[in-house]
Structure formats: structure tokens, C-alpha cells
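# Commentary on secondary and tertiary structure
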Amino acid sequence: MQAAVLRGTQNGYDLVLKQSASLDQILVDLKTLLENLKIDPQAQEATKVSLDVLTEDRILTVEERQQIEQLVGQYPRFEIHKIAANVMTIADAVQMKERENVHLLSRVIRNGQEVDMTGDVLFLGTIHEGGKLQTTGNIFSMGNVAGILQAGYPDDESKLVMGNLKTAQQIRIAEQFDIIDPDDLEASVQTVAYVNDLHVLSYGNLNQLKKINPKLYNQIGGI
């Protein structure tokens, strides 16, 4: 299996680095790939090739990113547009908060309590069973949720709830809701709850966000 794979898209090229491969193998295969493209007789040397580097569910360290950038930098025809993973870290979420009007909420919401907010919310606290967080925008949950999350209140079905939803009591988006069965969801911070075209609350993964909600995908920088 090749550890570095180039694929064409409507917007340019994706360079996929396989998460199962070691960094050493990625660098070897990436160098081979770039060398082959360098000597391709059909390639136009004057044309810059912009690469979106996709690392699947692997989060690169600063040193690993530098090694990849330095290798690509040895080939003047290529440049890295961005390096992105399917995984959203707390650091990603905090950066998103800094770029956009996202409200940070870090508190305990107890049984019987309801917190109402306006706009997108980055939640880092705890919601006990019977507690509820409700907002007009999206909810990005990085906290511990055993209660209710409601996005898009009262009737905006375009909003999402993202995070580990396995332990939640209930998810609501606009007027659609789902009582969570823990056996139906994985314990993953990559879960995305959304309302589909049939107006039914559904679940996907963060790596499907571009398809689920292209506007939000572009808004947060194409995670």
C-alpha cells in the first residue's frame, strides 16, 4: 500500500497520507511520488501545483508537519495549500472560536437547569442528566454530556451538533429530536448530528462535513 497518494479534485489535488503508515514510510513514498511527477514529460514545469494534504485521522506534530513541508519545498513545482485531518482537537475548536463569533461555555448544567444562548457555542463543561443547553446556532461539544443539547432553536434545521454524543440523553435540532441509544453511536468526538433532506435527525462523521453542510465546512476552514 502506498503511504502517499495523489488524487485530482475539482479544485486541484489532494495528497492523502495514510494514517496507518509510519512517518518514515510516508516520507519515502512522498519523495518517490514527487520525483515521478517531476520527470513526467506531460507535466508543465511552469504550472504550480497546489496540494491539499489530508492526513485522515492522524494529527501531525509540528515537527512532522515541518518534515513534510520541507520535503515538498524541495520541488519548486509543488506547494502546500493546507494540511488537514479528519480529527477536530480542542486546539482546532479554540482556533475556530477565535476566527468566528463562537461563544465559549464552560460550566456545569445540573438536572432541571436550562441554559439558553444565541449563536454558535463551543461547550467545554458538563451537562448532567435532565440538564439542557439550547442555542440558536451550532453546538460544538468538547465536554461531558449526559443531558440535552439543542441547536437551531427554535426552527433552524440547518444547524448541527458536533462532538461525543454517545452519553447524551437527547439531541435536538430545531423541532427534530432523538432520544439517544448508546448502542447506536460510537464514543467519538467526531460525531455530527444534523437534519437530513427528509427532515429527519441523522448522524454522520466529521470527515463527511463537507457533504453534510458545505457552508459550515468552508466557514471553519475545511477541517
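Anyway, here's the lowdown on the structure attached to this text. (Residues numbered from 1 in each chain as written. Predicted model: local features only at pLDDT ≥ 70, side-chain atom pairs only at ≥ 80, totals over all residues. Heavy atoms only, no water.)

## A few points about the environment of G143
In this fold, G143 is placed in the loop between β11 (139-141) and β12 (144-145). Since its relative accessible area comes to 15%, G143 is described here as buried. Residues G143 and L105, 38 residues apart in the sequence, show an inter-C-alpha distance of 9.7 Å. In contact with G143, not counting residues within four places along its chain, are F123, L124 and G125. (Helix = DSSP H or I, 4+ residues; strand = E, 2+ residues; numbered from the N terminus. Buried < 20%, exposed > 50% of the residue type's maximum accessible area, 1.4 Å probe, protein only. Contact = heavy atoms within 4.5 Å.)

## Re the sheet that holds strand β4 (residues 78-84)
Spatially, 4 strands are ordered β1-β2-β3-β4 in an open sheet, and the strand pairing comes out mixed. Looking at strand neighbours, the two that pair on one side only are β1 (4-9) and β4, the edges of this open sheet. Adjacent strand axes in the sheet meet at a mean angle of 30° when their direction is disregarded. Strand direction decides the pairing type here: strand β3 (residues 49-54) and β4, joined by 6 bridges, are parallel. If you follow L51 over to β4, its bridge partner there is I80. Sitting on the sheet, helix α1 (residues 23-38) touches β1, β2 (12-17) and β4, and the angle it makes with β1 is about 50°. (Pairing = 2+ DSSP bridges. Axes fitted to C-alpha atoms, helices over the stretch in contact; angles between N-to-C directions.)

## What about the nonpolar core?
Core analysis: the largest hydrophobic core is formed by 22 residues, its most contacted members being L15, L17, L30, I68, V72 and F78. By residue number, the principal contributor to this core is α1, which donates 7 residues. Not counting chain neighbours up to four residues away, the residues in contact with L15 comprise A4, V5, L6, L30, L33, L51, D52, V53 and L54. Among the nonpolar cores identified, the runner-up in size contains 21 residues, and V121, F123, A193 and L201 belong to it. (Core = buried A, V, L, I, M, F, W, Y, C linked by side-chain atoms within 4.5 Å.)

## Examining the environment of D155
As for its placement among the helices and strands, D155 is situated in the loop between β13 (148-151) and β14 (161-163). The sequence separation of D155 and T136 amounts to 19 residues, and the corresponding C-alpha distance is 8.5 Å.

## What to know about the sheet that holds strand β18 (residues 201-205)
If you walk across this open sheet you meet the 6 strands as β5-β8-β11-β14-β17-β18, and the pairing is mixed. Looking at strand neighbours, the two that pair on one side only are β5 (102-105) and β18, the edges of this open sheet. On average, adjacent strands in this sheet sit at an angle of 20° to one another, irrespective of strand direction. Pairing of strand β17 (residues 191-195) with β18 involves 5 bridges; the strand directions are antiparallel. Counted as the bridge partner of A193 is Y203 from β18.

## Details of the environment of K132
Within the secondary structure layout, K132 lies in strand β10 (residues 132-135). Separated by 18 residues in the primary sequence, K132 and Q150 have C-alpha atoms spaced 7.6 Å apart. Ignoring anything within four residues of it in the chain, the contact list for K132 reads I109, Q113, E114, V115, I127, I148, Q150 and R172.

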